[in-house]
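# Structural characterization, general
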Amino acid sequence: MPSTKLGIGFIGSGFNTRFHIRSWVGVRDADVRGVWSPNEKHAEEAAALARSLRVGEAKAFNSIEEMIADPSIDCIWLCGPNHMRIENMEAIVHAVTTGKGQLIGIACEKSLARNVGEAKRVVELVEKSGLLHGYLENQLFTPAIQRGRALIWARGAALTGRPYLARAAEEHSGPHMPWFWQGELQGGGVLNDMMCHSVEVARYLLTEPGKPRASIRPVAVSAQIASLKWSRPEYVERLKQMMGSAVDYAHKPSEDFARATVNYVDEQGHPIIVEATTSWSFVGAGLRLSQELLGPEYSLSINTLDSGLKLFFSREVKGAAGEDLVEKQNAEQGLMPVVANEESEYGYEGENRYFVSCFLEGKQPEESFYDGLEVSKLLMTAYMSAEQRRVIEFPPKDLDAFVPAVARGAWKPST
Ligand SMILES: NC(=O)c1ccc[n+]([C@@H]2O[C@H](COP(=O)([O-])OP(=O)(O)OC[C@H]3O[C@@H](n4cnc5c(N)ncnc54)[C@H](O)[C@@H]3O)[C@@H](O)[C@H]2O)c1
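To keep things clear, this report deals only with the structure shown in the data block. (Residues numbered from 1 in each chain as written. Predicted model: local features only at pLDDT ≥ 70, side-chain atom pairs only at ≥ 80, totals over all residues. Heavy atoms only, no water.)

### Regarding the state of the cysteines
Short version of the rule: Any two cysteine sulfur atoms within 2.5 Å of one another count as a disulfide. Three exposure classes are used, based on accessible area relative to the maximum for each residue type with a 1.4 Å probe and protein chains only: buried under 20%, partly exposed in between, and exposed over 50%.
Under the criterion given, the structure shown has zero disulfides. Its sulfur unpaired, Cys108 is 7.8 Å from the next cysteine sulfur, which belongs to Cys79. Sulfur of Cys358: no disulfide; nearest cysteine sulfur belongs to Cys75 and is 11 Å away. Under the relative-accessibility criterion, Cys358 is labelled buried at 0%.

### Some details on the site of the ligand
Operational definition: The rule for a residue being near a molecule or strand is that one of its heavy atoms must lie within 4 Å of it. Throughout this description, a polar contact denotes any pair of N or O atoms lying within 3.5 Å of each other; where both atoms belong to protein, one of them has to be capable of donating a hydrogen while the other can accept it, and for residues adjacent in sequence the pair is counted only when both atoms sit in side chains. Using a 1.4 Å probe, accessible areas were evaluated by the Shrake-Rupley method; residue-level cover was limited to the displayed protein chains. Where helices and strands are cited, they refer to DSSP runs of H or I of at least four residues and of E of at least two residues respectively, numbered from the N terminus. Note on residue categories: nonpolar means Ala, Val, Leu, Ile, Met, Phe, Trp, Tyr, Cys or Pro, charged means Asp, Glu, Lys or Arg, and polar means any other residue, Gly included.
Neighbouring the ligand are 26 residues, the closest being Ser13, Asn82, Arg85, Asn138 and Trp179. Residue Ser13 places a main-chain N or O atom 2.8 Å away from an oxygen atom belonging to the ligand. The separation between an oxygen atom of the ligand and a polar main-chain atom of Gly14 is 3.0 Å. Alone, the ligand offers 840 Å² of accessible surface; in the complex the protein occludes 88% of this. Broken down by secondary-structure element, the contributors of at least two residues to the shell around the ligand are helix H1 (15–23), helix H4 (85–97) and helix H7 (178–181). Partitioned by chemical class, the residues of the shell around the ligand number 11 nonpolar, 12 polar and three charged.

### A short note on H4
Inclusion rule: Multiplying one less than the number of residues by 1.5 Å gives the expected span of a helix.
A rise of 1.5 Å per residue sets the reference length of H4, with its 13 residues, at 18 Å; its end C-alpha atoms lie 18 Å apart and thus fit the reference within 8%. Buried within H4 are the following residues: Arg85, Ile86, Asn88, Met89, Ile92, Val93, Ala95 and Val96. After H4 finishes, the residue Gly99 shows a positive phi value of roughly 75°.

### What to know about the pattern of salt bridges
Counted only if it meets this: The term salt bridge refers to a side-chain nitrogen of Lys or Arg lying within 4 Å of a carboxyl oxygen of Asp or Glu.
Under the defined criterion, the tally for this structure stands at 28 salt bridges. The shortest N-O distance in the salt bridge between Arg167 and Glu275 comes to 2.8 Å. Pair noted here: Arg167 is in strand E7 (residues 165–171) and Glu275 is in strand E10 (residues 271–279), with a separation of 108 residues, a long-range link. With relative accessibility at 32%, the residue Arg167 sits in the partly exposed group. Here Glu327 makes a salt bridge to Lys328, at a shortest N to O gap of 3.0 Å.

### Here we look at the sheet that holds strand E3 (residues 59–60)
Counted only if it meets this: Two strands form a pair only when DSSP identifies at least two bridges running between them. Any pair of residues with heavy atoms lying within 4.5 Å of one another is described as a contacting pair. The axes used here are C-alpha line fits, helices contributing only the stretch in contact, and every angle between their N-to-C directions lies in the interval 0 to 180 degrees.
Spatially, E3-E2-E1-E4-E5-E6 is the arrangement adopted by the six strands of the open sheet, whose pairing is parallel. Each edge of the open sheet carries a strand with a single partner, namely E3 and strand E6 (132–136). One ladder, built from four bridges, connects strand E1 (residues 6–11) with strand E4 (residues 75–78); its direction is parallel. Within E4, the residue paired with Gly9 across the bridge is Ile76. Contacting E1, strand E2 (30–36), E4, strand E5 (105–109) and E6, helix H12 (residues 348–361) crosses the sheet at an angle of about 175° to E6. Contacts from helix H13 (residues 369–388) reach E5 and E6, with the element oriented near 40° to E6.

### Observations concerning unusual backbone geometry
One can expect most non-glycine residues to show negative phi and most peptide bonds to be in trans. Lys110 connects to Ser111 through a cis peptide bond whose omega is -10°. Examined against the element boundaries, Ser111 turns out to sit in the loop between E5 and helix H5 (116–129). A cis amide bond, omega -5°, links Phe394 with the succeeding residue Pro395. When you line up the elements, Pro395 lands in the segment after strand E15 (392–393). Even without being glycine, Asp29 reaches a positive phi, approximately 70°. Checked against the element boundaries, Asp29 lands in the loop between H1 and E2.

### Here we look at the packing of aromatic side chains
To keep things clear, this is the line we draw: Under the pairing criterion, centres of Phe, Tyr and Trp rings, with the six-membered ring standing for Trp, must be within 6.5 Å; the plane angle then separates stacked pairs below 30 degrees from edge-to-face pairs above 60, leaving the rest tilted. Put simply, a charge is over a ring when the Lys NZ or the Arg CZ is close to the ring centre, within 6 Å, and near the line of the ring normal, within 35 degrees.
Scanning the model with the defined rule gives 14 aromatic pairs in all. Measuring from ring centre to ring centre gives 6.2 Å for Phe19 and Tyr346, while their planes differ by 40°; the resulting arrangement is tilted. With Phe19 in helix H1 and Tyr346 in the loop between helix H11 (342–345) and H12, this residue pair connects regions lying 327 residues apart in the sequence. When sorted by exposure, Phe19 lands in the same class as Tyr346, which is buried. Three or more aromatic residues joined by ring pairs form one cluster here, namely Trp181, Trp230, Tyr235, Tyr249 and Trp280. A cation over an aromatic ring shows up here: Arg149 above the ring of Tyr204, its NZ or CZ 3.8 Å from the ring centre.

Below, the structure is given as structure tokens:
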């Protein structure tokens, strides 16, 4: 086992893995040493990216088992698609428990799984392995959230009382790969895909630093989902052209808008509220993350498109479409915000530094698979509320077996 530098192996070589690898230039004490993905070419490319950035002598492996058996690999970053989570976890845990290799920890991307039943299975597997585990919720680790939360609690809350309302939103114009749009594969629509971030970052802002998650308790959830854009006939066709005929929003739509209110109570029984909104039907400059935290005599607000750097391109600048200014960019002309260091500002760098240091010290991270499971419980309750059009007391019965209509291909958007 290493004492100074960990070796990290990635499962998955897609968009998210590349974000993590780019963030590694700001991470000490660990090298990217491996990538496995069923697409060998992509795994080679991701490994080459790591080598070119000098964040590790990464190589592509032929299987999860082979990667874990390599003594240079100490931890796994699980970044495959949601529908492969259990299969990937079973492969990792089998390799570890049958002595194929030794690991210290696993960090898993959101969503921990597609629903509560699957998330519980993921937790069961990690417990069986005895490994340390981290839930990769990047928004908790953005510099703005870390610093804003610390200052609000140290100044405003310490003198005038705890914050009582947190708002969080994540919005863009739609995901980059077909499986995200397919409810059965992804686990839902935008609610499952992106509200996982919003409910968790809002919960984090409202939790007093140093206190456990249980210091505030969810008691009720109300939510609404809708298909505002992508089931319109012209956009059904456009989506098919972009994502292939399996993404058929005339017959199997997923929601492209969701909002939820989660009612919590604090240790004294006072009400606290989380408002979360997510959308794949937002057309602005690009991805917009926004958060607010409100208390009796103070407030915090963050909007990633209010960036310090803005560029202007006149109509004479007719460059190719790209994603070089901001993630999920929608335009290349006019006044455009630029997120100067996305890997840091979206929290990847901070989260990777945190999980690496926990694993190196042999310490269980505070943001763990148990938090991923809690997030799944809140999201599934939100789907229940949207389907039943009523406020649901938390936790509802039958949560473990609940699979949203969107994820069963059975959702009919109504007006
Ligand atoms: N934190 C964030 O903001 C954020 C952003 C994007 C994605 N994600 C999450 O990261 C994960 C990966 O998303 P992505 O954007 O990279 O998706 P992607 O579709 O771009 O890439 C998925 C990768 O998984 C690989 N893959 C396919 N089958 C696999 C299997 N059986 N086992 C393992 N890997 C397999 C693919 O080859 C590909 O490399 C998802 O769980 C997603 O929800 C998180």
